[in-house]
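Spelled out, the chains give:
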Amino acid sequence: MGKIAIKGPSAETAAVPKESTKQQSAVKEEPKAVLPEKNGFALISKYRGAIMGFAAIWILFFHEWIVLSETDQTVIGWTERFLKRTGFCGVDIFLFLSGMGLTYAIKKASLGKFYYNRLKRLLFPFIFVAVIRCFMEDWKLFDFIGNVTGYNFYTKSMYSFLWFVPAITTFYILFPAYNSLFNKSSNKLLFTAGAFELWLLWSLFVRDDLRGDLYGFTNRIPIFLIGIYVGYLCQNKKYEFTKTTWVYIFLTMLLGGYLSYLANYKGLYILVPVSNCCIPNMLMAMSLPFLLAKALDILCTKDYLKTFGNGLNKVLCFFGGFSLEFYCIQEWLSGQLKPKFLEDFAPLTVNLLIFVCVTVVALLMSYVGKFIWDIVDKIIFRKPAKAKKA
């Protein structure tokens, strides 16, 4: 953020009599409010859209990127493969930011309007892609209904169709009840820790009975709860992030990355089944957004980096603005185009073409969805015409 210009005395300072020197000293000695740029929670709120854009691109990288390096024995080759293999952590970042965002959204509207706004966000791209695949892949009616309602997600396989949508819908449905209990608790951190314990107890208790693939969903519950807690801190706590704070956050990311390596490459089992999308991703998803926000803030505020920083922030925010459409269309569209592109182009060109095509189609979906919902909003929330005065 830019510097704060002080043009004149504040109301409190002006109200102090000039002859009261002791009172003036007392006012001067009061601790200053934490500046936004020193508050990591403020930074993550400021750059939330850019972080969502980063997560969206990382997920596309995980799904569709063709590895270019010939070996993993070089730094570039190993890094490329590691980022691709762990790209599903972008989902955890989305859930973390969603938990944060819901703590704001729930305060802005009635419960009915809250659910309506969530429905608006999810419904069009999800149904749009379902209809396309229904016709092109000859889904039966019951398959279509089962996929779009989430029935197949819970009864057959969470990967039946765009699993993230029924997963986040479940979180949306349950959030108001959880948030009500969360707000009533006197110690929010202790309440969140208690929710973690209940999740872990349940996960261990059902590990022999729960379908294995569903752990890919239930293992994401902790990061969503952390997002809710961080959303509370963003709105209610003033906390100055010192250098030590940032060191701890960086170490948390390193630990998450190393555990992710052990879980994904070495098969390390950590607490619960499908360990690679639980503790490792949770640690990365709760630390990486803060580090990204800090990096973006440095780039956007330093005089010699402003141009690049602001440009990068705008690009990431651009993708963050239609991240759900970007997710919904990428696997199907890439599946249609990639085999044809590979016949004529080198892998790097194919990667770029897929990126551009997914971006264009997702952006068009976003515009169409917004146009449709604008019409629906006008119909539903149309104000009655005022009666003319006699």
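Data block above holds the structure.
Residues numbered from 1 in each chain as written. Predicted model: local features only at pLDDT ≥ 70, side-chain atom pairs only at ≥ 80, totals over all residues. Heavy atoms only, no water.

Regarding its fold elements, the protein chain presents 19 helices and zero strands. Considering the protein chain as a whole, with its 390 residues, one finds that 44% of them fall into the buried category. A fraction of 75% describes how many contacts in the protein chain between residues 6 or more apart in sequence connect residues 24 or more apart. Surface exposure of the protein chain reaches about 22300 Å², of which carbon and sulfur atoms provide 66%. (Helix = DSSP H or I, 4+ residues; strand = E, 2+ residues; numbered from the N terminus. Buried < 20%, exposed > 50% of the residue type's maximum accessible area, 1.4 Å probe, protein only. Contact = heavy atoms within 4.5 Å. Areas by Shrake-Rupley, 256 points an atom, 1.4 Å probe, with all protein chains shown as cover.)

This paragraph deals with the side chain of D213. Here D213 lies in the loop between helix 11 (188–205) and helix 12 (215–218). Among the polar contacts listed, one links the side chain of D213 to the side chain of R211, at a separation of 2.8 Å. Ignoring sequence-local partners within four residues, the contact set of D213 consists of S157, M158 and Y159. (Polar contact = N/O pair within 3.5 Å; in protein donor to acceptor, adjacent residues only side chain to side chain.)

Turning next to the nonpolar core. Ranked by size, the top nonpolar core spans 100 residues in total, and within it F96, F164, F290 and Y327 carry the most contacts. Ignoring any residue separated from it by four or fewer positions in sequence, one finds F290 in contact with G40, F41, I44, F96, V230, F241, W246 and I249. (Core = buried A, V, L, I, M, F, W, Y, C linked by side-chain atoms within 4.5 Å.)

This next bit is on the packing of helix 4 (residues 48–64) against helix 18 (residues 323–344). The description of two packed helices rests on the angle between their axes and on the distance between the axes. Contact pair helix 4 / helix 18: the axes reach a minimum separation of 10 Å and the direction vectors enclose 20 degrees. Taken together, helix 4 and helix 18 sit at an angle that is classed as roughly parallel. Here the hand of the crossing between helix 4 and helix 18 comes out right-handed. When helix 4 is examined against helix 18, the residues M52, A56, I57, I59, L60, H63 and E64 are found in contact with a partner set consisting of S323, F326, Y327, Q330, E331, S334 and K338. A per-class count over the contact of helix 4 with helix 18 returns seven nonpolar, four polar and three charged. (Axes fitted to C-alpha atoms, helices over the stretch in contact; angles between N-to-C directions. Parallel < 35°, antiparallel > 145°, perpendicular 65-115°, else oblique. Left-handed = near helix turned anticlockwise from the far one by under 90°. Nonpolar A, V, L, I, M, F, W, Y, C, P; charged D, E, K, R; others polar.)

Here we come to a nonpolar patch on the surface. Where nonpolar side chains cluster on the molecular surface, the patch consists of V368, F371, I372, I375, I379, I380 and F381 and spans about 650 Å² of accessible area. Position of F371 among the secondary structure elements: in helix 19 (residues 347–380). (Patch = residues over 30% accessible without salt bridge, like charges linked within 9 Å, V, L, I, M, F, W, Y side chains within 5 Å. Salt bridge = Lys/Arg side-chain N within 4 Å of Asp/Glu carboxyl O.)

One can describe the packing of helix 14 (residues 243–265) onto helix 16 (residues 288–301) by two numbers: an axis separation of 9 Å at closest approach and a directional angle of 125 degrees. Classed by the angle they form, the pair helix 14 and helix 16 counts as oblique. The crossing of helix 14 and helix 16 is left-handed. Counted together, W246, I249, F250 and M253 of helix 14 and L288, F290, L291 and K294 of helix 16 form the full contact between these two elements. The class makeup of the residues in the contact of helix 14 with helix 16 is seven nonpolar, no polar and one charged.

The end-to-end C-alpha separation of helix 13 (residues 221–236) is 23 Å, in line with the 22 Å expected for 16 residues at 1.5 Å each. For helix 13, a buried count of 13 out of 16 residues is recorded, marking the element as mostly surrounded by other parts of the structure. (Expected span 1.5 Å × (residues − 1).)

This part covers helix 8 (residues 141–149). Turning to helix 8, its buried residues are F144, G146 and N147. In this structure, the buried side of helix 8 is in contact with helix 7 (111–136) and helix 9 (151–155). At the C-terminal side of helix 8, G150 shows a positive phi close to 85 degrees.

This brings us to the packing of aromatic side chains. Counted under the stated rule, the structure contains 41 aromatic pairs. Within the aromatic cluster, the residues linked to one another by ring pairs are F41, F96, F241, W246 and F290. The ring of F381 has K113 sitting right over it, with the charged end atom 4.8 Å from the ring centre. The lysine or arginine in question, R118, covers the ring of F114, its NZ or CZ lying 4.9 Å from the ring centre. (Phe/Tyr/Trp six-rings, centres within 6.5 Å; stacked < 30°, edge-to-face > 60°. Lys NZ or Arg CZ within 6 Å of the ring centre and 35° of its normal.)

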